[in-house]
Amino acid sequence: MTTPHKKMNPQTFRAAAFGIVVAFAAASPASATVTTLFADTFNRADSTDLNASTTGKSGTLGALNWVEVVGGSSTSVPVADPFISSNTLRIGETSGGSGGWSVTYIDHNFTDSVITTGGEFTVSMDLVSPNSFGGTRFTGFTVGNSKADLDNWSVNVPNSFTSDFFFGYDPTGTTEVKVFLGGSQNYQQTINLSSGATLSVRFSGITSFNAASTVNYEAFIDGSSVKTGSFTWSGTNENYIGLYSNYSEHQGVVDHFEVTAVPEPGSALVGLVGCLLILRRRR
């Protein structure tokens with residue numbers, strides 16, 4: 001004898017659906033909804049041309065180009081373009097002189113709608129070699145730049161940067177990780193980074209890229225939160241992102257650079273709820 005099909009009470013169904021949605025949200029890691037806008041593993045042939053090949057580049061924005069800017073405080077300081085070596089990016093000054101630096105930035109203004117829709121983006125890099133010699137040496141990344149700021153870069157240390165945000169590591173002296181906001185030091189932590197340490201920052205609460213709008217940040221070292229804070233955009237629609245180093249002899253070795261964003265919150269849950277509603281209609 002077949003058992004009669006029992007129709008579920010609408011209230012019971014809604015409660016069950018809500019329970020599934022809550023369970024899904026709790027069980028799903030945030031990374032499941034992350035979209036990689038641009039990433040570069042630098043896994044390509046050795047070259048002084050960072051764009052000689054697109055191998056190693058990926059993301060929804062495609063194989064974006066790098067733009068290289070180098071300089072020094074005097075003509076006696078030898079500098080050279082960043083280059084690919086052994087599947088890594090090497091940046092810094094050529095020798096141990098004072099005042100040399102390298103900047104390479106992504107030729108894209110990261111003001112994409114996916115960022116304002118989801119309200120956040122993350123920048124990360126692996127510092128393959130955290131060591132240098134000399135004094136006041138930094139390798140890190142800059143956020144909130146105009147293209148003109150980067151093309152005309154002429155400063156050597158973070159306290160003179162026009163960048164809205166800088167996160168980097170100084171292995172000299174007391175070996176410090178530091179955050180600079182608009183050229184002013186906002187944070188420092190004495191720490192001795194190991195080779196391959198991941199430096200990342202999550203920028204959130206972004207509703208627009210208008211000047212004076214607030215951005216929250218949380219800085220991480222190897223996935224552990226070390227600093228939270230906020231700042232404001234200095235210009236409207238100015239969010240070019242770049243890498244900087246004044247490490248001696250190109251000892252700033254970087255790998256696995258990535259910019260990610262989170263789509264509109266709840267998009268995955270909306271899809272799940274839709275499936276549940278279709279199932280309810282069928283029942």
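Residues numbered from 1 in each chain as written. Predicted model: local features only at pLDDT ≥ 70, side-chain atom pairs only at ≥ 80, totals over all residues. Heavy atoms only, no water.

Caption draft 1: Focus on the nonpolar core. In this structure, Phe121, Phe165, Phe167, Phe203 and Phe257 are the most contacted members of the largest nonpolar core, which totals 45 residues. When sequence neighbours within four positions are dropped, the list of residues in contact with phenylalanine 167 reads Thr139, Gly140, Phe141, Val177, Lys178, Val179, Leu199, Ser200, Val201, Ala219, Phe220 and Ile221. Counting 12 residues, the second largest nonpolar core, distinct from the first, contains Val69, Trp153, Phe161 and Phe166. (Core = buried A, V, L, I, M, F, W, Y, C linked by side-chain atoms within 4.5 Å. Buried < 20%, exposed > 50% of the residue type's maximum accessible area, 1.4 Å probe, protein only. Contact = heavy atoms within 4.5 Å.)

Caption draft 2: Inspection of the environment of serine 208 at higher detail. You can see serine 208 is positioned in the loop between β12 (197–204) and β13 (214–221). Expressed as a C-alpha distance, the spacing of serine 208 and threonine 117, which sit 91 residues apart in the sequence, is 9.2 Å. Of the polar contacts made by the side chain of serine 208, one reaches the backbone nitrogen of asparagine 210; its length is 3.3 Å. (Helix = DSSP H or I, 4+ residues; strand = E, 2+ residues; numbered from the N terminus. Polar contact = N/O pair within 3.5 Å; in protein donor to acceptor, adjacent residues only side chain to side chain.)

Caption draft 3: Inspection of the pairing of strand β10 (residues 176–181) at higher detail. Of all six residues in β10, six are buried; the element is thus mostly enclosed. Alternating residues of β10 divide into Glu176, Lys178 and Phe180 and Val177, Val179 and Leu181, and every residue in both groups is buried. With five bridges connecting them, strand β9 (residues 165–170) and β10 associate as antiparallel partners. Residue pairing for β10: aspartate 170 is matched across the bridge by glutamate 176. Between β9 and the antiparallel strand that follows it, β10, lie five residues; glycine 173 among them carries a positive phi value of about 65 degrees. Direction of pairing for β10 relative to strand β11 (residues 184–190): antiparallel, over a ladder of six bridges. Residue pairing in the sheet places valine 179 in a bridge with tyrosine 187 of β11. (Pairing = 2+ DSSP bridges.)

Caption draft 4: Highlighting the environment of valine 123. Its place among the elements puts valine 123 in strand β7 (residues 121–129). Separated by 20 residues in the primary sequence, valine 123 and valine 143 place their C-alpha atoms 8.7 Å from one another. If near-sequence neighbours (up to four positions away) are discounted, valine 123 is found in contact with Phe141, Val143, Leu199, Ser200, Val201, Phe203, Ile241, Phe257, Glu258 and Val259.

Caption draft 5: Region of the structure containing the sheet that holds β11. Strand order in the open sheet formed by seven strands is β3-β6-β15-β8-β9-β10-β11, and the pairing between neighbours is antiparallel. Bordering the open sheet on either side are β3 (66–71) and β11, each of which pairs with just one other strand. For this sheet, the mean angle separating the axes of adjacent strands, direction not counted, is 20 degrees. (Axes fitted to C-alpha atoms, helices over the stretch in contact; angles between N-to-C directions.)

Caption draft 6: A look at the pattern of salt bridges. In this structure the tally under the stated criterion is four salt bridges. With a closest N to O distance of 2.8 Å, glutamate 120 and arginine 202 form a salt bridge. On the criterion of sequence distance, the pair formed by glutamate 120 in the loop between α2 (113–118) and β7 and arginine 202 in strand β12 is long-range, its members being 82 residues apart. According to the relative accessible area criterion, arginine 202 is partly exposed, its value standing at 30%. (Salt bridge = Lys/Arg side-chain N within 4 Å of Asp/Glu carboxyl O.)

Caption draft 7: Geometry of the pairing of β9. Of all six residues in β9, six are buried, a share of seventy percent or more. For strand β8 (residues 139–145) and β9, the ladder comprises five bridges, and the chain directions are antiparallel. In the strand pairing of β9, glycine 140 is matched with glycine 168.

Caption draft 8: Summary view of unusual backbone geometry. A positive phi angle is found at serine 86, which is not glycine, with a value near 50 degrees. Mapped onto the fold, serine 86 is located in the loop between β4 (83–85) and β5 (88–91). Not every positive phi belongs to a glycine, and aspartate 222 is a case in point at roughly 50 degrees. One can find aspartate 222 in the loop between β13 and β14 (224–232).

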